[in-house]
Amino acid sequence: MTGCDTEAECCRLQQEVSMILNLLNSAKLPLRKWCSNSQAVLQYINKEEQDPLFTLNINDDDTVKSLGLCWKPIADEFHFQITHVPENCKLTKRTMLSQLNRIFDPLGFLAPVLVKGKIFLKQLWQLKIDWDTSLQEDLKKNEAYGACIYVRSLGHYGIWHSQLLCSKTRVTPLKGITIPRLELNGAHLLVQLVVKTSDAWKTYVSNRVTQILEVSSPSQWRHVRTNQIPADIISRGISAQELSTSTIWWRGPCWLSQSPDCWNSPPMQPILMDELPEQRPLYLSLLATIPLKDFVSSYSSWPRLVRAVGWILKFIEYIGSRREKPTANYLTIHNLRAAQRALHQTAQEETFGKEIAALIQCKNVPYHSKLRSLNPLLIYKLLVVGGRLEYAMIPEEQRTPIILPAYHRITRLIFTEHHRTLLADIRRQYWPVRGRLTARSVVKRCVDCIRAKPKFQHPLMVTLPKERVTSTRPFTNTGVDFAGPLIIRSGIRGIPGKKAWIAIFVCFSNKAAHIEAVEDLTSNAFIASLRRFCSRRGKPDKIWSDNAAEGINWHFNPPSTPHFGGIWESCLKSAKDHLSRIVKDAHLTLSELQTLLCQIEACINYRPLSPLSSSPDDLEPLTPAHFLIGGPITLPPEPDLTSQQLSGIRRWTLEYLPQLQIRGKWTTATKPLAIGDVVIVKEDNMPPCKWKMARITCLHPGRDGHIRVVTTRTANGTEMKRPALKLCQLPVEEESEDF
């Protein structure tokens, strides 16, 4: 049941509902018996339907029941049919509740009548009467409260009309309640949400005042006399005959039918705050705080903290001396020592409160105390060590050093100030509890110490790529790198030597090597060496290096990551070892260098891929040369005397591939880097103190999720990719409190 302001809006609403009804019609559940108090709307609804019951033809006196309400569409009125209870009917609490719930009144039109039954039921619960015991009428006043809403409209002739829209009732709780609270609850029925809470009243009053003020303002509320309040009928209740003729209930007070200018609103006198009822009492509490506790956490330097506390104590001394002119406008040695003593005392009181209390009472420290072995003494309200050096020829402060608690901010500041000399220098004046652990913690988190001796990240060694563990044609997947320079002779007297470089190509699957001599570092020279390599070994499918090229599926590693190409770096190291032992200080010609490189290449390709066996019955060890020419390069061919010769691929799978399973180093993953970490970037050509600091801006995780390459940004805004192996993470301030 619903409605609209105009007939056009009703037709539009029915059309929107009909779109939803198509789903019901498809399930053979059509909605019928449409009804309206407008003939135009009924004609619009019935214009395409042939079902005679699709719309109802209503006469003037016909009624329609909807949601338990009787509605006369032509007169647009709601009717309620009330059945009188026979006199011989036994009235009990059960029948009372049954008769009361038979009437469906969602808008509260019959609230003054129904509230009498609700009040009566409440009294039955108070009297604890059984369900089937006969009842006697006994009503009381002020047993209910409610609220009414009226609609005012201005007619064509300038006459105001008012009509009841809806009402709401509540029965007072079983526990007694005052009349002001009843009136407050009546106002509370007009609001729904909570916006602001008032702490000046008790919780019961505060919650309801807050909800009322959320949807209204104090200027909207007016005082109405008792005889002009329709809701007052709800609190008393009336009979059905009286309700049908009650003008104040159906039309509201007479002044609602007048212009707002004619309303006679008596002025309201504001109530003083002290006279407001049910105010929440104000309780005061006194909290004792340690003034220096929060003050210490604001400083990261021990000298600055001492000077700050010194000025505070100097000001307190100035106030205590009745503000006489101070003798000096600077801190003296006496002021600094007093500040240090105050800070030491604060740290000890926070940590060793039980020990200090026991010593003040001339008792021993607790048995489980950490200071028991130090035999502590209390001198000038400070805990000092009462050890065994009483007769030693050392200063007094060294014989009875001040005890510093572990894990305290003041202790850390003192260690940070003396961390370059550390424990030996600190124990001349202090005795820190767990001093060695504190000293190591301070050094570990000192930026200067870390920059002098950095420790780099060591992520878990990456799993081998697919190309390393797949048997393919030699040099199908190749890694290339350069080494040098070497000085070669031109062969002509009087012409100085020139530089040359070595280009080494390594096969991924069997570690076979191919070495070429390159005259310079130009692109043409490298392309020429690459062409010679392809002509002799075949064109590779993929090439890995530190730079990119065109025409080949080329993979290049991030900058400064030689360990990413470990297979060709190790092969290059072997080639350098042979060169250093043979060439020494000699200068070779280009032809001699190429000949020597071919011989070194043969030696490298003769390295066994699997462990050697001492048994003469075993096959010769598998080498990269077996995949190139089918046998050793440096030895003459021999007849095969074995009866069962295994193929090279099968021997590669059985003998060489299992050797790649073990990680030689970097077996444990370190703490992973995160975005925002401050790191030191290692530079191979600069001393550690000159290495730049940077902040991590992006992470590049590998296939296994481990971070091995990151993007960093330096102070001048330069971004660069660097491996995690060349980064040293610096400690941050949040970590400095952990030992």
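Per an unreviewed UniProt entry, the protein carries the name Integrase catalytic domain-containing protein and comes from Aphis craccivora.

## A short note on the overall build of the protein
Looking only at helices and strands, the protein features 23 helices and 20 strands. Burial statistics for the protein: of 739 residues in total, 34% are counted as buried. Sequence separation of 24 or more characterises 57% of the internal contacts of the protein that already satisfy a separation of 6 or more. Accessible surface computed for the protein: about 48200 Å², of which carbon and sulfur atoms make up 54%.

## Looking at the environment of K692
Of note, K692 is situated in the loop between β16 (678–681) and β17 (693–701). By relative accessible area, which is 46% here, K692 ends up partly exposed. Separated by 23 residues in sequence, K692 and A715 place their C-alpha atoms 8.5 Å apart. Excluding residues within four positions of it along the chain, K692 makes contact with V679, I680, V681 and T714.

## Re the packing of aromatic side chains
One pass over the structure, following the stated rule, counts five aromatic pairs. Where F456 meets W691, the ring centres are 5.8 Å apart and the plane angle is 50 degrees; that geometry is what we call tilted. Of this pair, F456 sits in the loop between α18 (447–452) and β10 (477–489) while W691 sits in the loop between β16 and β17, and the two are 235 residues apart along the sequence. With a relative accessible area of 19%, F456 lands in the buried category. Residue W691 is classed as buried on the basis of its relative accessible area, which comes to 7%. Ring centres 5.7 Å apart and planes at 55 degrees place the aromatic pair F482 and F526 in the tilted group. With F482 in strand β10 and F526 in helix α19 (residues 523–537), the pair connects residues that are 44 residues apart, well separated along the chain. What makes F482 partly exposed here is its relative accessible area of 26%. One Lys or Arg, R427, reaches over the ring of W431 and ends 4.5 Å from the middle of that ring.

## Some remarks on the nonpolar core
Core analysis: the biggest nonpolar cluster contains 24 residues, and I515, L579, L597, I600 and I604 have the highest contact counts within it. Where this core is concerned, the elements lending two or more residues are β10, β11 (498–507), β12 (513–518), α20 (566–582) and α21 (590–605). Residues within four places of I600 in sequence aside, it is in contact with I515, A575, H578 and L579. Membership of the second largest hydrophobic core comes to 22 residues, among which are L305, A347, L382 and Y430.

## Observations concerning the sheet that holds β17
Across the sheet, five strands lie side by side as β19-β18-β17-β16-β20; this open sheet has antiparallel pairing. Either end of the sheet is taken by a strand with one partner, and the two such strands are β19 (719–723) and β20 (727–729). Recorded for the sheet is a direction-independent mean angle of 45 degrees between the axes of neighbouring strands. Direction of pairing for β17 relative to strand β18 (residues 707–714): antiparallel, over a ladder of seven bridges. Counted as the bridge partner of P701 is I707 from β18.

## Notes on helix α17 (residues 435–444)
Residues spaced three or four apart along an α-helix face the same direction, because each turn holds 3.6 residues. Those residues of α17 that fall on the buried side of the exposure criterion are G435, T438, A439, S441 and V442. Projected down its long axis, α17 shows its buried positions confined to an angular sector of 165 degrees, all on one face. Turned more than 90 degrees away from the buried face of α17 sit R436, R440 and K444, all of them exposed. Tucked into the core, α17 has its buried residues touching α15 (409–417), α16 (422–426) and β9 (430–432).

## A short note on the pattern of salt bridges
On inspection of all chains with the given rule, the structure shows eight salt bridges. For the salt bridge of E467 with K542, the shortest nitrogen-to-oxygen distance reads 3.2 Å. Taken together, the residues E467 in the loop between α18 and β10 and K542 in strand β13 (residues 542–545) connect sequence positions 75 residues apart. With relative accessibility at 15%, the residue E467 sits in the buried group. Across the pair R537 and E601 runs a salt bridge whose closest N-O atoms are separated by 2.6 Å. Taken as a pair, R537 in helix α19 and E601 in helix α21 lie far apart in primary sequence, 64 residues in all. Note on E601: relative accessible area 6%, which makes it buried. Each member of the salt-bridge network shares a partner with another, and the members are E516, R532 and R536.

## Some remarks on a nonpolar patch on the surface
Together, I312, F315, I316 and I319 give the surface a local cluster of nonpolar side chains, amounting to about 360 Å² of exposed area. Considering the arrangement of structural elements, one finds I312 in helix α11 (residues 302–320). Among the residues examined, I312 registers a relative accessible area of 34% and is labelled partly exposed.

## With respect to the environment of R473
When you line up the elements, R473 lands in the loop between α18 and β10. Given the relative accessible area of 41%, R473 is considered partly exposed. Taking the C-alpha atoms as reference points, R473 and N510, separated by 37 residues in sequence, lie 9.3 Å from one another. Aside from chain neighbours lying at most four places away, what touches R473 is R537, G538 and K539.

## Concerning the packing of α20 against α21
Following both chains from N to C, one finds α20 and α21 inclined at 130 degrees, their axes separated by 10 Å at the closest point. Here α20 is positioned oblique relative to α21, judged by the angle of their axes. Two packed elements cross with a definite hand, and for α20 against α21 that hand is right-handed. Here C571, A575, H578, L579 and I582 of α20 lie close against α21, whose contacting residues are L596, L597, I600, C603 and I604.

## Considerations on the environment of E242
You can see E242 is positioned in helix α8 (residues 240–244). Judged by relative accessible area, E242 falls into the partly exposed class, the value being 46%. For the pair E242 and P112, spaced 130 residues apart in the sequence, the C-alpha separation amounts to 9.8 Å.

Calculation rules
Residues numbered from 1 in each chain as written. Predicted model: local features only at pLDDT ≥ 70, side-chain atom pairs only at ≥ 80, totals over all residues. Heavy atoms only, no water. Helix = DSSP H or I, 4+ residues; strand = E, 2+ residues; numbered from the N terminus. Buried < 20%, exposed > 50% of the residue type's maximum accessible area, 1.4 Å probe, protein only. Contact = heavy atoms within 4.5 Å. Areas by Shrake-Rupley, 256 points an atom, 1.4 Å probe, with all protein chains shown as cover. Phe/Tyr/Trp six-rings, centres within 6.5 Å; stacked < 30°, edge-to-face > 60°. Lys NZ or Arg CZ within 6 Å of the ring centre and 35° of its normal. Core = buried A, V, L, I, M, F, W, Y, C linked by side-chain atoms within 4.5 Å. Pairing = 2+ DSSP bridges. Axes fitted to C-alpha atoms, helices over the stretch in contact; angles between N-to-C directions. Arc of directions from axis to C-beta. Salt bridge = Lys/Arg side-chain N within 4 Å of Asp/Glu carboxyl O. Patch = residues over 30% accessible without salt bridge, like charges linked within 9 Å, V, L, I, M, F, W, Y side chains within 5 Å. Parallel < 35°, antiparallel > 145°, perpendicular 65-115°, else oblique. Left-handed = near helix turned anticlockwise from the far one by under 90°.

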